Amino acid sequence: MTLTSPSALLRRAGLYLAALMILLWSASPFVWQFATSFQLDKALTSGTPTLIPDPFTWEHYYNVFFEKQLHRYVLNSLIVSLSTTALCLAFGSLAAFSLSRLNIRGRYGLLLVILSVSMFPQITLVGPLYILASTLQLLDTYAALVLVYLALVLPLVTWVMYGYFETLPREIDEAARMDGLGALGTYWFIILPMSLPCLVTTGLLAFITAWNEFLFALAFTSNIDHQTIPVGIANFTNLYFVPWGDIAAASAVVTAPLILLVLIFQRHIIEGLTQGGIKE
Amino acid sequence: MSADPVGVARSSVARADLSARPGPALPRWVWPWLLLLPTFVAIGAVAFWPILEGLRLSFTNTSLITRQSDFVGFDNYAGLLSDSRFWNAWGHTVWFTFASTVLETLIGLGMALVLYERFPCRGLVRAAMLVPWAMPTVVTSKMFGWLFDGQNGVVNWILLQLGLIDAKVNWYGDPDTALTTLIIADVWKTAPFMALLLLTGLQTIPKSLTEAARMDGARPWTVFWSIRLPLLMPTLLIAGLFRALDAFRVFDLVYVLTGGGPADSTETLSTLAYKELFSTLEFGYGSTVSTAMFLTEAVLAGILCLWLVRTIRRVT
């Protein structure tokens, strides 16, 4: 069968069409949202939707920053997500190092216990934790959110890191021991520097999870001083109508950085996730 | 990512006992546990303790309004069984889980088969597929609120132009279509990610197998049905299992788009439990709903795992 035969051409055409459909599926809703964010409310309710803003307006961006104070939610989210990421990398890498490199009984049992946590419905956790946080005066604090997110992300981070550490050759452990390094020395001077790509992937996963989390943020925070972006956007409603333009602008602002990060690190993310979640 | 700089088979060397060189005055067996301690304290306090505390609360009439907290035995569970709102939410959750998991797996499989082939801009398409996954679910929810808006939504407009509908559909404002709209939004968000997971599974299938079949004159459909699909089955099942467990606890999407309405037509177990806990502040009964959910999920996970292990054994 040569490449120019009609059936081969048809196959090619079908393939391109399918690829185009996948691209449209993935990108078009967000592109539409982006286009919406530059259109006047009048144009949005005119009855004939258009993709190209005419007239073009920054009005919605002005609204979300100056009226709805989006930057305060962004700041809260940044503080919470970055703290979660840092702690998660520290705790997760120590745990994964211990499980992969040290002489420990019941390694696989422990890994399963850690993984099982990621299957717990979060709604079951939120009630008791709310009472606890309230008793400890931790409601409306960053600390409560960071502690909860930490535990929610740790299972995945530990698994992905464990998988990665297992691929590092064991000879280097021997060599480190010969050179007089103890467990912590090997962890700090040998394993961590060799795991930078993995730290980037898992850090990104932790960041995205914390950035996007909604349930606990909704339950644990009650005002703009500590509310994160998802709660802020969920509460974007006016008295008489839904401000679709403002919502679109806010969506674009909080999603664009994530999309950028994901595009830069896409290869690492896919590999990291499949390593942690899918491989037997 | 599996960099192996020295290029040695790692199985040939046993785990070096690094604990042989303990720090100051600590017995060697302490080290591994010490390093695990932060993680286990975190998941113990934020995951295991709340499950047990939730179980305890589910046997009490705890309410943050009346400030009571007395042991009531199985009263809450008896109430649950005769609570029509619970069964209503249960039905929606099961249907949502089933429909979205099946659709996402099938669509994801289709996408993965396309992505496996070579074509220009494949990297771009693959990168774009991560966008729905990375986007906050709250944003997805609002975005579909706008796309499927009953008055000015573009979906209605397109369908009207194509002549597929005669009048505007009030997608998530109508009890008949609201749950379907939520399923569409969930499938949109998760199917591409599913495809990327399945793609890595497809790539582990040796090319020689499919090539050989093609040489023998097997048609593409036969190659898929008798070679790729059976070999992909373990990946497909595991991905589907995790997806189902995830879909079962759906909260953000529903809470933001419909809040469980209209007329409770999209109430799921998570949103129902959340309302019991934080609207009526009935922590006793709310914990019963959420504990029942946990138990369902645990049983579901157990059954699926067993079935999975058996299927994988049979296939491989």
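Here the structure is a predicted model, which means the values were calculated and not measured. (Residues numbered from 1 in each chain as written. Chains lettered and ligands numbered in written order. Predicted model: local features only at pLDDT ≥ 70, side-chain atom pairs only at ≥ 80, totals over all residues.)

**Student:** When you look at the domain arrangement of chain A in this model, what are you seeing that I'm missing?
**Tutor:** A common way to state how big an interface is: give the accessible area lost once the parts meet. Residues and elements named next belong to chain A. Per the domain assignment, the segments making up chain A are domain 1 (6-36) and domain 2 (71-277). Inter-centroid distance (C-alpha atoms) of domain 1 to domain 2 is 33 Å. With four residues of domain 1 at the interface, the matching set in domain 2 holds six residues. Its residues assigned to classes, the side of domain 1 that touches domain 2 comprises two nonpolar, two polar and no charged. (Domains from an automatic or database assignment. Contact = placed C-beta atoms within 7 Å. Nonpolar A, V, L, I, M, F, W, Y, C, P; charged D, E, K, R; others polar.)

**Student:** What's the story with the interface of chain B and chain A in this structure? I'm lost.
**Tutor:** Listed as interface residues are 83 residues of chain B and, on the opposing side, 89 residues of chain A. Broken down by element, the residue count for the side of chain B that touches chain A peaks at 15 residues, all from helix α1 (residues 30-57) of chain B. When grouped by side-chain class, the residues that make up the side of chain B that touches chain A number 57 nonpolar, 14 polar and twelve charged. (Helix = DSSP H or I, 4+ residues; strand = E, 2+ residues; numbered from the N terminus.)

**Student:** Please explain the UniProt feature "transmembrane region" (unreviewed entry) in chain B as it appears in this structure.
**Tutor:** All names here are of chain B. As recorded in UniProt, the feature "transmembrane region" (unreviewed entry) lies at residues 29-52, 94-116, 178-202, 223-245 and 283-309. Split by type, residues 29-52 is 96% helix and 0% strand. Its first and last C-alpha atoms lie 30 Å apart. As a span, residues 223-245 carries 100% helix and 0% strand, and end to end its C-alpha atoms are 31 Å apart. (UniProt positions renumbered as here; feature names shortened; annotations may be inferred.)

**Student:** Even after reading the chapter, I still don't get the UniProt feature "domain: ABC transmembrane type-1" (unreviewed entry) in chain B, so can you show me in this structure?
**Tutor:** Per the UniProt record, the feature "domain: ABC transmembrane type-1" (unreviewed entry) sits at residues 90-304 of chain B. Between the end C-alpha atoms of residues 90-304 of chain B the distance is 19 Å, and the span holds 74% helix and 0% strand.

**Student:** Explain the UniProt feature "transmembrane region" (unreviewed entry) in chain A here, please?
**Tutor:** Residues and elements named next belong to chain A. Annotation from UniProt places "transmembrane region" (unreviewed entry) at residues 15-35, 73-97, 109-131, 143-165, 186-211 and 247-265. Secondary structure over residues 186-211 splits into 96% helix and 0% strand, and the C-alpha atoms at its two ends are 32 Å apart. Along residues 247-265 the backbone is 95% helical and 0% strand, and the end-to-end C-alpha distance reaches 27 Å.

**Student:** Got a minute to help me understand unusual backbone geometry in this structure?
**Tutor:** As a rule of thumb, non-glycine residues mostly have phi less than zero, and peptide bonds are mostly trans rather than cis. Here the residue pair Asp54(A) and Pro55(A) is connected by a cis peptide bond, since its omega of 0° sits within 30 degrees of zero. As for its position among the elements, Pro55(A) is in the loop between α2 (41-44) and α3 (59-67). Put simply, Gly261(B) and Pro262(B) share a cis peptide bond, and its omega is -10°. As for its position among the elements, Pro262(B) is in the loop between α11 (252-257) and α12 (269-278). One non-glycine residue with positive phi stands out, namely Gln137(A), at about 60°. Note on placement: Gln137(A) falls in the loop between α6 (122-135) and α7 (142-167). Looking at Gln137(A), the number of C-beta atoms within 10 Å reads 9, which means it is exposed. In this structure, Arg67(B) is a non-glycine residue whose phi angle is positive, near 60°. (Buried ≥ 20, exposed ≤ 12 C-beta atoms within 10 Å, placed from the backbone.)

**Student:** I'm lost on the environment of Ala183(A) in this one. Help?
**Tutor:** All names here are of chain A. Its location among the elements puts alanine 183 in helix α9 (residues 183-194). The exposure class assigned to alanine 183 is buried, which follows from the 27 C-beta atoms found within 10 Å. As a C-alpha pair, alanine 183 and leucine 102 span 81 residues in sequence and 7.8 Å in three-dimensional space.

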